[in-house]
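Read off the chains here:
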Amino acid sequence: MTQHPYNPGRLLFGGDYNPEQWSRDVWVEDIALMRRAAVNTVSLGIFSWALLEPREGEYDVTWLDDIIALLHEAGIGFFLATPTASPPPWFTRAYPDALPVRADGTKLSHGSRDTYAISAPAYRDASRRIARFLADRYGSHPGLRGWHVHNEYGTIDYGPHAAEAFRRWLRRKYDSLDALNAAWVTAFWSQHYDEWNDVLPPRATQYLHNPAQAVDFKRFNSDEMLEAYLEQKAEITASGSTAPVTTNFMLPTWNHLEQWSWSDAQDAVSIDHYLDDPGIDGETHVAYCGDLTRSWAGGPWLLMEQNAIGIRMGDRTSLKEPDQTIRNSLGYIARGSQSSLFFQWRASAGGSEFWHGALVPHAGEASRAFEAVVELGGILESISEVVEPPTDGRTFEADVAILWDAEGWWSTETPHLPNDALSYSDEVRATHRSLWRAGISVDFVRAGDDLSRYRLVIIPSMFAMSEADAAWLTSYVRAGGQVVVQFFSGIADMNQRVITGGYPGVLRELLGVRAEEIRPLPDGETLELGEEHYSELWSERVQLDGATSVVDYREGALAGLPAITRNDVGAGAATYLSTRLTQRSRDRFYARLCVDLGIEPVVSGAADLGLEAVRRRGAAADYLFLLHHGSERVTVSGEGVDLVTGASATGLSLEPGGVAVIRESSREWMLAAENPSGE
Ligand code: GLA
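Residues numbered from 1 in each chain as written. Predicted model: local features only at pLDDT ≥ 70, side-chain atom pairs only at ≥ 80, totals over all residues. Heavy atoms only, no water.

Caption draft 1: Up close: the overall build of the chain. Tallying secondary structure elements over the chain gives 17 helices and 30 strands in all. For the chain, whose C-alpha radius of gyration is 26 Å, the value lies close to the compact-globule estimate of 26 Å for 679 residues. Here the C-alpha coordinates of the chain stretch approximately 80 × 75 × 45 Å along the principal axes. The buried share of the chain, reckoned over its 679 residues, is 61%. Taking as baseline every contact in the chain between residues at least 6 positions apart, the subset at least 24 positions apart corresponds to 71%. (Helix = DSSP H or I, 4+ residues; strand = E, 2+ residues; numbered from the N terminus. Rg over C-alpha atoms; globule rule 2.2 N^0.38 Å. Buried < 20%, exposed > 50% of the residue type's maximum accessible area, 1.4 Å probe, protein only. Contact = heavy atoms within 4.5 Å.)

Caption draft 2: Spotlight on the domain arrangement of the chain. Parsing the chain into structural domains produces domain 1 (400–596) and domain 2 (607–673). Computed from C-alpha atoms alone, the centre-to-centre distance between domain 1 and domain 2 is 35 Å. (Domains from an automatic or database assignment.)

Caption draft 3: The arrangement of helix α3 (residues 62–73) in detail. For α3, with twelve residues, the first-to-last C-alpha span of 17 Å sits near the 16 Å given by 1.5 Å per residue. Of the residues making up α3, those classed as buried are Trp63, Leu64, Ile67, Ile68, Leu70 and Leu71. Looking straight down α3, one finds its buried side chains confined to an arc of 160°; they lie on one side. Exposed positions of α3 whose direction lies more than 90 degrees from the buried face are Thr62 and Glu73. Residues of α3 that are buried make contact with α1 (24–36), β2 (41–44), α2 (49–52), β3 (77–82) and α5 (121–138). The positive-phi residue at the C-terminal boundary of α3 is glycine 75, with phi of around 75°. (Expected span 1.5 Å × (residues − 1). Arc of directions from axis to C-beta.)

Caption draft 4: Representation of the pattern of salt bridges. Within this structure, the stated rule accounts for 50 salt bridges. Notably, a salt bridge pairs aspartate 323 with arginine 327, separated by 3.0 Å at the nearest N-O pair. Of the two residues, aspartate 323 and arginine 327 are both situated in helix α11 (residues 322–334); the distance of four residues between them amounts to about one turn of the helix. With a relative accessible area of 34%, aspartate 323 lands in the partly exposed category. Here the residues in one salt-bridge network are Arg124, Asp125, Arg128, Glu224, Glu227 and Glu231, joined through shared partners. (Salt bridge = Lys/Arg side-chain N within 4 Å of Asp/Glu carboxyl O.)

Caption draft 5: Spatial organisation of the site of the ligand. Lining the immediate surroundings of the ligand are Phe47, Arg113, Asn151, Glu152, Asp272, Tyr274, Glu305, Phe343, Glu353 and His356. Within the contact set of the ligand, an oxygen atom lies 2.8 Å away from a side-chain nitrogen or oxygen of asparagine 151. In this structure, glutamate 305 approaches the ligand through a side-chain N or O atom, which is 2.5 Å from an oxygen atom. Partitioning the shell around the ligand into residue classes produces three nonpolar, two polar and five charged. (Near = heavy atom within 4 Å. Polar contact = N/O pair within 3.5 Å; in protein donor to acceptor, adjacent residues only side chain to side chain. Nonpolar A, V, L, I, M, F, W, Y, C, P; charged D, E, K, R; others polar.)

Caption draft 6: The arrangement of the pairing of strand β15 (residues 482–486) in detail. Summarising burial for β15: five of the five residues are buried, a large majority. Burial along β15 is two-sided: the face carrying Gln482, Val484 and Gln486 and the face carrying Val483 and Val485 are both buried. With four bridges connecting them, strand β14 (residues 456–459) and β15 associate as parallel partners. Of the residues in β15, the one forming a bridge with isoleucine 458 is valine 484. Note on the crossover from β14 through helix α15 (residues 467–478) to β15: the handedness is right-handed. (Pairing = 2+ DSSP bridges. Right-handed = clockwise from strand over helix to strand, strands pointing away.)

Caption draft 7: Structural detail: empty space enclosed by the protein. Per the stated rule, a full pass over the model turns up three cavities of 30 Å³ or more. Here the second largest cavity defines a volume of roughly 50 Å³. Glu152, Tyr153, Phe249, Met250, Trp254, Asn255, His256, Leu257 and Gln259 together form the lining of the second largest cavity. (1 Å grid on protein atoms, 1.4 Å probe; cavity = no way out; pocket = protein on both sides within 12 Å on 5 of 7 lines; lining within 4 Å. Points joined across faces, edges and corners; volume = space filled by probe spheres on them.)

Caption draft 8: Looking closely at the packing of helix α10 (residues 280–297) against helix α14 (residues 424–437). With their axes 10 Å apart at the nearest point, α10 and α14 run at an angle of 105° to one another. Taken together, α10 and α14 sit at an angle that is classed as roughly perpendicular. Note on element contacts: α14 touches α10 through Ser425, Val428, Arg429, His432, Arg433, Trp436 and Arg437, opposite Ile280, Asp281, Glu283, Thr284, His285, Ala287, Tyr288 and Asp291. (Axes fitted to C-alpha atoms, helices over the stretch in contact; angles between N-to-C directions. Parallel < 35°, antiparallel > 145°, perpendicular 65-115°, else oblique.)

Caption draft 9: Quick look at the side chain of threonine 579. Residue position: threonine 579 is located in the loop between β22 (572–577) and β23 (580–581). Among the polar contacts made by the side chain of threonine 579, one reaches the side chain of serine 535 at a distance of 2.8 Å. Setting aside residues no more than four positions away along its own chain, threonine 579 makes contact with Phe487, Leu529, Ser535, Glu536, Trp538, Ser539, Tyr553 and Ala563.

Caption draft 10: Focus on unusual backbone geometry. With omega at -15°, the peptide bond leading from phenylalanine 343 into glutamine 344 counts as cis. Of note, the bond from tyrosine 503 into proline 504 is cis; its omega dihedral lies within 30 degrees of zero at -5°. In this structure, histidine 150 is a non-glycine residue whose phi angle is positive, near 60°. On the secondary structure map, histidine 150 appears in the loop between β4 (144–149) and α6 (160–174). Residue histidine 150 is classed as buried on the basis of its relative accessible area of 0%. In the Ramachandran plot, glutamate 531 falls in the positive-phi region, its phi being about 55° despite a non-glycine side chain. Along the chain, glutamate 531 falls in the loop between β17 (526–528) and β18 (534–536).

Caption draft 11: Just the packing of aromatic side chains, in detail. Per the counting criterion, the structure on display carries 31 aromatic pairs. For the ring pair tryptophan 301 and tyrosine 332, a centre distance of 6.5 Å and an interplane angle of 85° mean the geometry is edge-to-face. In this pair, tryptophan 301 sits in the loop between α10 and β8 (302–306) while tyrosine 332 sits in helix α11, placing the two residues 31 residues apart along the sequence. Considered together, tryptophan 301 and tyrosine 332 belong to a single accessibility category, that of buried residues. Feature note: the residues Tyr158, Phe166, Trp169, Trp184, Tyr193, Phe217 and Phe220 constitute an aromatic cluster, connected by ring pairs. Directly above the ring of phenylalanine 396 sits arginine 294, whose terminal nitrogen or CZ lies 3.5 Å from the centroid. Seen from the ring of tryptophan 22, arginine 346 lies directly overhead, with NZ or CZ sitting 5.6 Å from the centre. (Phe/Tyr/Trp six-rings, centres within 6.5 Å; stacked < 30°, edge-to-face > 60°. Lys NZ or Arg CZ within 6 Å of the ring centre and 35° of its normal.)

Caption draft 12: Broad picture of the nonpolar core. Membership of the largest hydrophobic core comes to 181 residues, with the highest contact counts inside it found for Leu64, Trp147, Trp184, Leu330, Trp404, Leu473 and Phe625. Formed jointly, this core draws a minimum of three residues from each of two domains, domain 1 (400–596) and domain 2 (607–673). Residues within four places of leucine 64 in sequence aside, it is in contact with Leu44, Leu52, Leu80, Leu134 and Tyr138. Listed in part, the 16 residues of the second largest apolar core include Val602, Val603, Ala606 and Leu624. (Core = buried A, V, L, I, M, F, W, Y, C linked by side-chain atoms within 4.5 Å.)

Next up, the structure:
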């Protein structure tokens, strides 16, 4: 895991700032309001290409110089974006071949954003040029906090440039067409290729795509976009700028990047995160995003965007209450974020996202939304010492690790699986949610990572696995580790080819089982298992081959057969879940397993009171973040100081919705629900 010890010296607070849509008197007001709210960082220029380079090779930075000077004078730093996510109209007029083409052949027009063909040479050249221009001009500005390259890489092109670049990538990977034909099993359905030029991206076609082609195209896109990012990074470095370089990942709606390799290529890892649920499940989502990003970064990271007061979900905006904005912000920081940045500073009056929430809403400063922003700014200033990482760089301690594998996601997106309702991200998320509900800290790992510090490692639906992956897990278990493998893992090799002879392929020996049938369940149907567990979506006819059955199926065609098994191997054990536990059963299963393994929650009993307790390790001390999502006032007793209020943590009273960030003098904590009547 690469370590990114990104330390800006203070918690960064602010967000995307698009001043070009406002007149200068609004800028002056903006800066006064930023100061009032203790905003110290904005991100500039993210979609400003048309204004920065109004004609090819002609630059106009008067407005940018002006706003940077105003910000700097006010002590506000900035991330400067390269604006390549939104090529200007003149660019598409001059280079129409650089417009992306959809899988169905529709060539997109400009008029929105993110309209670029990543492999088009003209686009790549123009991107390098504007990156270099900005780096030369602003690369050593004292207010520059870092480079924000592009924005959320992810436009997928199926056009002629993509086809050529895909073939180049495939030639590097397979060397010969024979090897490609074998890997993709093109003997089926008359897909055998005898000319490289016949090989295409998975464009719209009559029926099912070749699954190996589909996953290779995903891998190609991640690599191709990474190359484009690295080209811009090289220009920035060549300009002499030493400011850290990042590009903002996006979760949870789509996933086009293999985040581990991308993280290695950044000086700081950053992410944009938008809640997928306005209620309590949104809090689990904050934790999920925070744990993932910290793990990709191997240390502190940056929350580059989060939603302010309004959450856009589907076809409507749902309100995010001010106290939730504060709790969410601290949730990310508890998990290693060095920032609480938002999209965007001031709500647009017009333009494409004019109903998106912002720190300054349409109503202006006289609003409870802005009051919450001022309150948050104050809280962040008072807890800012958490930003200093401990000398070993490890801001977080976890006994449990979940495998994260972007390819797992991509594989489950290929059609015609035993059950197409299976979603990799839902699967990972559901497991993470169970541990969150039990108050247990979690890291994510990638295949091959050193697992020795973990007591439990969970593998959620990692469809394709290599022999090396299996050997990696086996040696962890032999040495005393506990592994839980969830269904639909280890089924195929890295070319999406099923390992025949019984599922789950390369993991059969480790798990001591052999499954001969996958039996998907109809939507909405559950199966009763032993120990009052229930499952859905998936089941398997499992034979024991060294393992013992821990829980059997209780009904249906598999009644009496093993559903959950355990195989003791060396000093450890490997457990197999051959079916998808419902969320409640999954919660119980993991809570129980953690008790059996002696894996403790951060603060015992916190989760039962609706309190999220997260410990962030720091240079001067460890900090206990308490985020109260429950409904009863709670008394906290222990040794330390709450940095939010300055009060002693002995007998601290936490209101529902409230937060505390305690500089710990000890790790002994007692929590109790307060009885309002004092009885
Ligand atoms: C993304 C983008 C922003 C904005 C927000 C709105 O994260 O980076 O420019 O569009 O979404 O949710």
